[in-house]
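Overview (structure and organization)
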Amino acid sequence: MIWTAFLLGFLGSFHCLGMCGPIALAVSAKDSSPFLKNKIIYNLGRTLTYTFLGALIGVIGFSLALAGIQQWISILMGAVILLMAFFYKRSERLITQSGFFGGVNQLKSKLGKYLKRGGSTAFFTSGLLNGLLPCGMVYIALIASLALQSPIEGAMYMFSFGIGTIPMLMVIMLSGKLISLQWRTRFTKALPYFAMFIGILFIIRGLGLGFHYISPKLQVFDYGAEQVEITMCR
């Protein structure tokens, strides 16, 4: 499942150029460090935030799994991903325009202040804050992390997602508007279909069909009066 996170991050980075692209260009304009040091530090900051959020969501998923509903979590989260992908534009607007995210402008303002300071610490902090900006693709990845039901796997999933976003943003930082609007549109159109594919994978995983790694069966072991369910071949 981890490989889907990298691809989701890579494809999602084309869509997210609208929000993250101007910030990436601002980072590039302020960065005069040799060997791309500050650009890398900025992107590692974003990835660290994604990783922390994945671990946090994974803890919630693990707590739900202890209640014995691990299969249903995977099926339900897969269905949510499918729904978000099917109504992607609508869900994206709901996420970015909701009153719950009223602090987005304030967050962007803080980003700008840190970038003006310059220095590695400011770039790293800007990356950390950038990882908190609302984004539909990030939330789809977090839902997938919840379905994994493990803080470690959740962190790894979001780390892989963050790494997947770096190549395209680095290209933007180094080359400005190298990627044409036509190509960005093509990748953006492909995004919901790939998200649907991930949702279907998690539903199949939750069904426990007995396919190694993809849909492992739940094995029940009898220990006296108690029955313990564990997922095999995760």
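Residues numbered from 1 in each chain as written. Predicted model: local features only at pLDDT ≥ 70, side-chain atom pairs only at ≥ 80, totals over all residues. Heavy atoms only, no water.

1. A look at the nonpolar core
- The biggest cluster of nonpolar side chains holds 29 residues, and the ones touching the most others in it are Leu8, Met137, Ile140, Tyr157, Met158, Phe161 and Phe202.
- Those elements giving two or more residues to this core turn out to be helix H1 (2–15), helix H4 (70–86), helix H8 (136–148), helix H9 (151–175) and helix H10 (181–207).
- Residue contributions to this core peak at ten residues, all from H8.
- Excluding anything up to four places from it in sequence, Phe202 contacts Met1, Ser74, Ile75, Gly78, Ile81, Ala144, Ala147, Leu148 and Tyr157.
- Residues Tyr42, Phe123, Ile166 and Met170 belong to the second largest nonpolar core, which totals five residues. (Core = buried A, V, L, I, M, F, W, Y, C linked by side-chain atoms within 4.5 Å. Buried < 20%, exposed > 50% of the residue type's maximum accessible area, 1.4 Å probe, protein only. Helix = DSSP H or I, 4+ residues; strand = E, 2+ residues; numbered from the N terminus. Contact = heavy atoms within 4.5 Å.)

2. Re the packing of helix H3 (residues 37–66) against helix H7 (residues 120–130)
- Packing of H3 against H7 brings their axes to within 7 Å, and their N-to-C directions diverge by 35 degrees. Seen along the crossing, H3 lies across H7 with a hand that is right-handed. For the pair H3 and H7, the contacting residues are Lys37, Asn38, Ile41, Tyr42, Leu44, Gly45, Arg46, Leu48 and Thr49 in the first and Ser120, Phe123, Phe124, Ser126, Gly127, Leu128 and Asn130 in the second. (Axes fitted to C-alpha atoms, helices over the stretch in contact; angles between N-to-C directions. Left-handed = near helix turned anticlockwise from the far one by under 90°.)

3. A few points about the packing of H4 against H8
- H8 packs onto H4 with a crossing angle of 165 degrees between their chain directions and a minimal axis gap of 8 Å. Judged by the angle between their axes, H4 and H8 are roughly antiparallel. In the crossing of H4 with H8, the sense of the turn from one axis to the other is left-handed. For the pair H4 and H8, contact is made by Ile73, Ser74, Met77, Val80, Ile81 and Met84 and by Gly136, Tyr139, Ile140, Ile143, Ala144, Leu146 and Ala147, respectively.
- Along the lines of polarity and charge, the residues of the contact of H4 with H8 split into eleven nonpolar, two polar and no charged. (Parallel < 35°, antiparallel > 145°, perpendicular 65-115°, else oblique. Nonpolar A, V, L, I, M, F, W, Y, C, P; charged D, E, K, R; others polar.)

4. Let's talk about the side chain of Thr49
- For Thr49, the position within the fold is in helix H3.
- Residue classification places Thr49 among the buried residues on the basis of a relative accessible area of 9%.
- Of the polar contacts made by the side chain of Thr49, one reaches the backbone oxygen of Leu128; its length is 2.8 Å.
- When residues no more than four places from it in sequence are discounted, the contact partners of Thr49 are Gly127, Leu128, Gly131 and Leu132. (Polar contact = N/O pair within 3.5 Å; in protein donor to acceptor, adjacent residues only side chain to side chain.)

5. Considering a nonpolar patch on the surface
- Together, Trp3, Phe6, Leu7 and Phe197 line one region of the surface with nonpolar side chains, adding up to about 370 Å² of accessible area.
- Per-element accounting of the nonpolar patch gives the leading share, three residues, to H1.
- You can see Phe197 is positioned in helix H10.
- Here Phe197 falls in the partly exposed class, since its relative accessible area comes to 37%. (Patch = residues over 30% accessible without salt bridge, like charges linked within 9 Å, V, L, I, M, F, W, Y side chains within 5 Å. Areas by Shrake-Rupley, 256 points an atom, 1.4 Å probe, with all protein chains shown as cover. Salt bridge = Lys/Arg side-chain N within 4 Å of Asp/Glu carboxyl O.)

6. So, the environment of Ser74
- Residue placement: Ser74 occurs in helix H4.
- On the basis of relative accessibility, which here comes to 1%, the residue Ser74 falls in the buried class.
- Distance from Ser74 to Ile204, taken between C-alpha atoms, is 8.5 Å for residues 130 residues apart in sequence.
- Apart from the residues within four sequence positions on either side, Ser74 is in contact with Ala147, Gln149, Phe202, Ile203, Arg205 and Gly206.
- Within the structure, the side chain of Ser74 is placed 2.6 Å from the backbone oxygen of Phe202, a separation counted as a polar contact.

7. Quick word on the packing of aromatic side chains
- Summed over all chains, the structure comprises four aromatic pairs.
- Judged by centre distance (5.5 Å) and plane angle (75 degrees), the ring pair of Tyr50 and Phe161 falls under edge-to-face. Within this pair, whereas Tyr50 is found in helix H3, its partner Phe161 is found in helix H9, the two being separated by 111 residues in sequence. No difference in accessibility class separates Tyr50 from Phe161, as the two residues are buried.
- Consider the rings of Phe194 and Phe197, whose centres lie 6.0 Å apart with planes at 35 degrees: the pair is tilted. Placement of both Phe194 and Phe197 in helix H10 is noted, with a separation of three residues, approximately one turn of the helix.
- Ring pairing ties together the aromatic residues Trp3, Phe194 and Phe197, which thus form one cluster. (Phe/Tyr/Trp six-rings, centres within 6.5 Å; stacked < 30°, edge-to-face > 60°.)

8. Some words on the confidence of the model for the chain
- Taken residue by residue, the chain gives an average pLDDT of 76. The fraction at 70 or more is 66%.
- Within the model, pLDDT remains below 50 along residues 219–234, and this stretch shows 31 contacts once partners closer than five positions in the same chain are excluded. (pLDDT = per-residue confidence, 0-100.)

9. Focus: the environment of Leu132
- Locating Leu132 in the fold gives a position in the loop between H7 and H8.
- Residues Leu132 and Thr49, spaced 83 residues apart in sequence, show a C-alpha to C-alpha distance of 7.2 Å.
- Look past the residues within four positions of Leu132 in its chain and what remains in contact with it is Thr49 and Leu107.

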